[in-house]
Structures are given as structure tokens and as C-alpha cells.
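So you can see what is in the structure, the chains are spelled out below.
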Amino acid sequence: AQSVAQPEDQVNVAEGNPLTVKCTYSVSGNPYLFWYVQYPNRGLQFLLKYITGDNLVKGSYGFEAEFNKSQTSFHLKKPSALVSDSALYFCAVRDGNNDMRFGAGTRLTVKP
Amino acid sequence: ETGVTQTPRHLVMGMTNKKSLKCEQHLGHNAMYWYKQSAKKPLELMFVYSLEERVENNSVPSRFSPECPNSSHLFLHLHTLQPEDSALYLCASSQDAGANTIYFGEGSWLTVV
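My aim in this report is to walk through the structure given alongside it, one point at a time. Keep in mind that this is a model prediction, so the values were computed, not measured. Positions within a chain are numbered from 1, following the residues in the order the chain's sequence is written. Think of it this way: whatever chain is written first is A, whatever ligand is written first is 1, and the rest follow in order. Note on the predicted model: pLDDT of at least 70 is required for a residue's local features to be given, and 80 or more for side-chain atom pairs to be given and counted; whole-chain, interface and lining totals, by contrast, use all residues. Remark: hydrogens and water are excluded; side-chain values derive from all non-hydrogen atoms of the structure.

For helices the rule is a DSSP run of H or I covering at least 4 residues; for strands it is a run of E covering at least 2, with both sets numbered from the N terminus onward. When you go through chain A residue by residue, the secondary structure sums to zero helices and twelve strands. Helices and strands appear in chain A in the N-to-C order β-β-β-β-β-β-β-β-β-β-β-β. For chain A, the C-alpha radius of gyration of 13 Å lies close to 13 Å, the compact-globule estimate for 112 residues. For chain A, the spread of C-alpha atoms along the principal axes amounts to about 40 × 30 × 20 Å. A 1.4 Å probe rolled over the protein chains alone gives each residue an accessible area, and that area as a share of the maximum for its type sets the label: buried under 20%, exposed over 50%, partly exposed in between. Here chain A, with 112 residues, has 47% of them falling under the buried criterion. Excluding contacts between residues fewer than 6 apart, the proportion of contacts in chain A whose partners are at least 24 apart in sequence is 55%. Just so you have it, chain A exposes about 5300 Å², and 46% of that area is on carbon and sulfur atoms. Charge convention: Lys and Arg are scored as positive, Asp and Glu as negative, and His as well as the terminal groups of each chain are ignored. To locate a charge, take atom NZ for lysine, CZ for arginine, CG for aspartate or CD for glutamate. Once the 11 positive and 9 negative side-chain charges of chain A are each reduced to a mean point, those two points are 3 Å apart. With C-alpha atoms as the basis for the radius of gyration, the globule rule is written as 2.2 Å multiplied by the number of residues raised to the power 0.38. In this analysis, two residues are considered to be in contact whenever any of their non-hydrogen atoms come within 4.5 Å of each other. Surface accessibility in these figures is a Shrake-Rupley result with a 1.4 Å probe; residues are shielded only by whichever protein chains are displayed.

Have a look at this one:
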């Protein structure tokens, strides 16, 4: 069965600094990896996904994520954080035949 | 707009009430989902429908009863709920139940009193 872990409950960064939100996964086959963002009182919004191909995936709002097979990681990154990026971020994994499993979420706070 | 619309956005119900949550997707997808999001807990998959057939029921109590009359609509019927059922209920859809991206609605906030 697949699983995903987000080791940090909370990430704090200053506006303009780079940000990283960590995610590691475990699947039995080829992983399909996703990042979602949830703003207060809203549903989850799709940011980006890795299915195959280039290990660096670019997504919405300037976010990108790097697939690292040897480390079984899929960290979310952004070169310069904005205050408006403050939200709850979820990593998710599925292996093609199973349901999507979500991490517990990481709360990102970007301070001015 | 994500193409997945949920109503109502907020619902307060007593433990003896019967109510329903409604979800409609305008994306032409074949799979629909109900998830439960509680504070400080991972997202819980409740039900999966593919082409209007239930393909997964993750040990959800029978006081939650899903209904999928067609590929665009999904309901969650609620009956004799408990206060611990208070949560955000998220509907989602995807092209199929395989590797595709899942798109979520804005959620229905349920409070059981």
C-alpha cells in the first residue's frame, strides 16, 4: 500500500526567501505524486504533479517540485515566497491502481 | 472555480436530523469521491464512485450513505450523526479512478449539535 509523509507540521519563512515543503513517499510501483494547496475555508487546489519524465515539475503560482527516486522524495519549492502563499499544503501519492493517499499537511506561514 | 460545486457550504444539524450534501461536477469526469477532513487528521477517503458504481467504501459508518445517480452528481445522505462527525466534507472528481489528478470542490462544513 502506498503512503506519504510530510515531516513538518509548520514551516515559517520570510517574504522573498526561498521556501521548501518536504514530502517523502512509499509505493510498490511507479509513483504518481501530487501537491495541493488549501487556503482558509476553501477546498484543496491542485498545484502540480509528477507522472513521468523530467524530475523537476513546474506548477501553478511559481511553485515547482523535484522528484528524487533514490530518496523517495517530492519536495515542493518556490524561489521567492509571498505572504499570499501562506496556506496548508498537502502532498499526495497514488500508484495508478490505488486511491490517492494524502499527507497530514504542512502549514506554511510567510511573514512580511 | 474548480468545476466541482458543493452545496450547502455550511450545515448545522441535530443528531436526530436527516440531511444531505450535494456535489456536482462540470468536468465530464467519470469518477467521484467523498473525503472527510477533520482538524489535525489526514484527509480520509470515504467513498469512490466510478461510472456511477461504488468501487470503494473505506469502512465508513452506515449513518453516512452515498448516492451517485449519474456521473455528474454525488450525494452524501446523513442520518443520526454524532458530534465527532463534525468536519469539512470534500467532494472531488477525476477523469477516471486511476492515475489522474483529482479536483476538489470547496467543501461543506458540517457541525453536528
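Once you've had a look at it, read on.
Within the secondary structure, Ala1(A) is located in the segment before strand 1 (3–5). Judged by its relative accessible area of 92%, Ala1(A) is exposed.

Of the residues lining the interface, 21 residues belong to chain A; the matching set on chain B comes to 23 residues. By definition, the buried area sums, over both parts, the 1.4 Å-probe accessible area that each loses when the two are put together. Summed over both sides, the interface of chain A with chain B buries roughly 1700 Å², with 48% coming from carbon and sulfur. Between Lys or Arg on one side and Asp or Glu on the other, a salt bridge is scored when a side-chain nitrogen of the former is within 4 Å of a carboxyl oxygen of the latter. Summed over the shared surface of chain A and chain B, the number is one salt bridge. One salt bridge in this structure joins Glu106(B) and Arg42(A), with 2.8 Å as the shortest N-O distance. The definition of a polar contact used here is a pair of N or O atoms within 3.5 Å, where within protein one atom must be able to donate a hydrogen and the other to accept one, and adjacent residues in sequence count solely through side-chain atom pairs. Taken together, the connections running from chain A to chain B amount to seven residue pairs in polar contact (both at pLDDT 80 or more). For the side of chain A that touches chain B, the elements supplying multiple residues, two or more each, are strand 5 (32–38), strand 6 (44–50), strand 10 (87–94) and strand 11 (101–102) of chain A. Residue contributions to the side of chain A that touches chain B peak at four residues, all from strand 5 of chain A. Polar here means any residue other than Ala, Val, Leu, Ile, Met, Phe, Trp, Tyr, Cys and Pro, which are nonpolar, and Asp, Glu, Lys and Arg, which are charged; Gly is therefore polar. Here the side of chain A that touches chain B is built from residues that sort into eleven nonpolar, five polar and five charged.

Disulfides are defined as pairs of cysteine sulfur atoms found within 2.5 Å of each other. Per the stated rule, a full pass over the model turns up two disulfides over all chains. Note that Cys23(A) is cross-linked by a disulfide to Cys91(A), the S-S spacing being 1.9 Å. Because the torsion about its S-S bond is -65°, the bridge between Cys23(A) and Cys91(A) counts as left-handed. Of the two residues, Cys23(A) is situated in the loop between strand 3 (19–21) and strand 4 (24–26) and Cys91(A) in strand 10; the sequence distance between them amounts to 68 residues. Bridging Cys23(B) to Cys91(B), the disulfide has an S-S length of 1.9 Å. Between Cys23(B) and Cys91(B), the disulfide has an S-S torsion of -75° and is therefore left-handed. Here Cys23(B) is found in strand 3 (residues 18–25), whereas its partner Cys91(B) is found in strand 9 (residues 87–94), with 68 residues between them in sequence. Grouping residues by exposure puts Cys23(B) and Cys91(B) together as buried.

Here the focus is the environment of Tyr50(A). Residue and element names in this part refer to chain A. By the element assignment, Tyr-50 lies in strand 6. Looking at Tyr-50, the relative accessible area reads 7%, which means it is buried. Distance from Tyr-50 to Ser-73, taken between C-alpha atoms, is 11 Å for residues 23 residues apart in sequence. If sequence neighbours within four positions are ignored, Tyr-50 has contacts with Pro-31, Tyr-32, Leu-33, Asn-55, Val-57, Phe-67 and Phe-74.

The next thing to look at is the side chain of Gln37(B). One can find Gln37(B) in strand 4 (residues 31–37). The class of Gln37(B) is buried, set by a relative accessible area of 11%. Among the polar contacts listed, one links the side chain of Gln37(B) to the side chain of Gln38(A), at a separation of 2.8 Å. When residues no more than four places from it in sequence are discounted, the contact partners of Gln37(B) are Gln38(A), Leu44(A), Leu88(A), Phe90(A), Leu43(B), Ala87(B), Leu88(B) and Leu90(B).

Attention now moves to the nonpolar core. The term nonpolar core refers to a set of buried residues drawn from Ala, Val, Leu, Ile, Met, Phe, Trp, Tyr and Cys, joined through side-chain atoms within 4.5 Å. Formed by 27 residues in total, the largest nonpolar core has its most connected members in Trp35(A), Leu47(A), Leu48(A), Phe74(A), Leu76(A) and Tyr89(A). Secondary structure elements with two or more residues in this core: strand 2 (10–14), strand 3, strand 5, strand 6, strand 8 (64–68), strand 9 (73–78), strand 10 and strand 12 (106–111) of chain A. Among the elements that take part in this core, strand 10 of chain A stands out by supplying four residues, more than any other. Residues within four places of Tyr89(A) in sequence aside, it is in contact with Gln6(A), Trp35(A), Tyr36(A), Val37(A), Leu47(A), Phe63(A), Leu76(A), Gly105(A), Thr106(A) and Leu108(A). Val4(B), Leu11(B), Leu21(B) and Phe64(B) belong to the second largest nonpolar core, which has 22 residues in total.

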